[in-house]
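Residues per chain are reported as follows:
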Amino acid sequence: SRFDGKIDRIRTFVKAKPAKLEYDAIGDGYMETDAYFKKEKIVRQTKDINKDTKPDTTIFFNNREQREKVEIDTDLNGTLDTWQYYQDNKLIRMEKDENNTLFGV
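Residues numbered from 1 in each chain as written. Predicted model: local features only at pLDDT ≥ 70, side-chain atom pairs only at ≥ 80, totals over all residues. Heavy atoms only, no water.

A. Representation of the side chain of Glu-32 in the model. Residue placement: Glu-32 occurs in the loop between β2 (17–23) and β3 (33–38). Look at Glu-32: it is buried, it has no salt bridge, and the nearest opposite charge is Lys-47 at 5.2 Å. Setting aside residues up to four positions removed in sequence, Glu-32 forms contacts with Tyr-23, Asp-24, Ala-25, Ile-26, Thr-46, Lys-47 and Asp-48. (Helix = DSSP H or I, 4+ residues; strand = E, 2+ residues; numbered from the N terminus. Buried < 20%, exposed > 50% of the residue type's maximum accessible area, 1.4 Å probe, protein only. Lys, Arg positive; Asp, Glu negative; His and termini not counted. Salt bridge = Lys/Arg side-chain N within 4 Å of Asp/Glu carboxyl O. Contact = heavy atoms within 4.5 Å.)

Printed below as a string of structure tokens:
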């Protein structure tokens, strides 16, 4: 989609319906963003910005394709430390584990 001759999107279909979209948003050749679909609607999106094959951010969507919950590993240490909760696509609550005590790290 950048017209540079490199693959930056891979779309997977099951029975002619979207199932997964892999995307290289940065243009470095690494597909860091994955989107997963059910009944032709996005249900989850992950992003791996440090290229360790583990999602650093996961976004969960409701049946209207609005953000419902976001889980983030802000310091990229492999442990989730921030959770955001949404209602009608508006942030209503945020939780942050600032000293890595939630999971005993």
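B. Seen up close, the environment of Lys-6. Position of Lys-6 relative to the elements: it lies in the segment before β1 (9–14). Residue classification places Lys-6 among the exposed residues on the basis of a relative accessible area of 55%.

C. How the structure looks around the pairing of strand β4 (residues 41–47). Across 6 bridges, β3 lies against β4 in antiparallel orientation. From the neighbouring strand, Thr-33 faces β4, where its bridge partner is Lys-47. (Pairing = 2+ DSSP bridges.)

D. Spatial organisation of the environment of Lys-17. Structurally, Lys-17 is set in strand β2. Residue classification places Lys-17 among the partly exposed positions, given a relative accessible area of 43%. Sequence separation of Lys-17 and Pro-55 is 38 residues, and the distance between their C-alpha atoms is 24 Å. Every residue in contact with Lys-17, bar those within four places of it in the chain, is listed here: Thr-12 and Glu-40.

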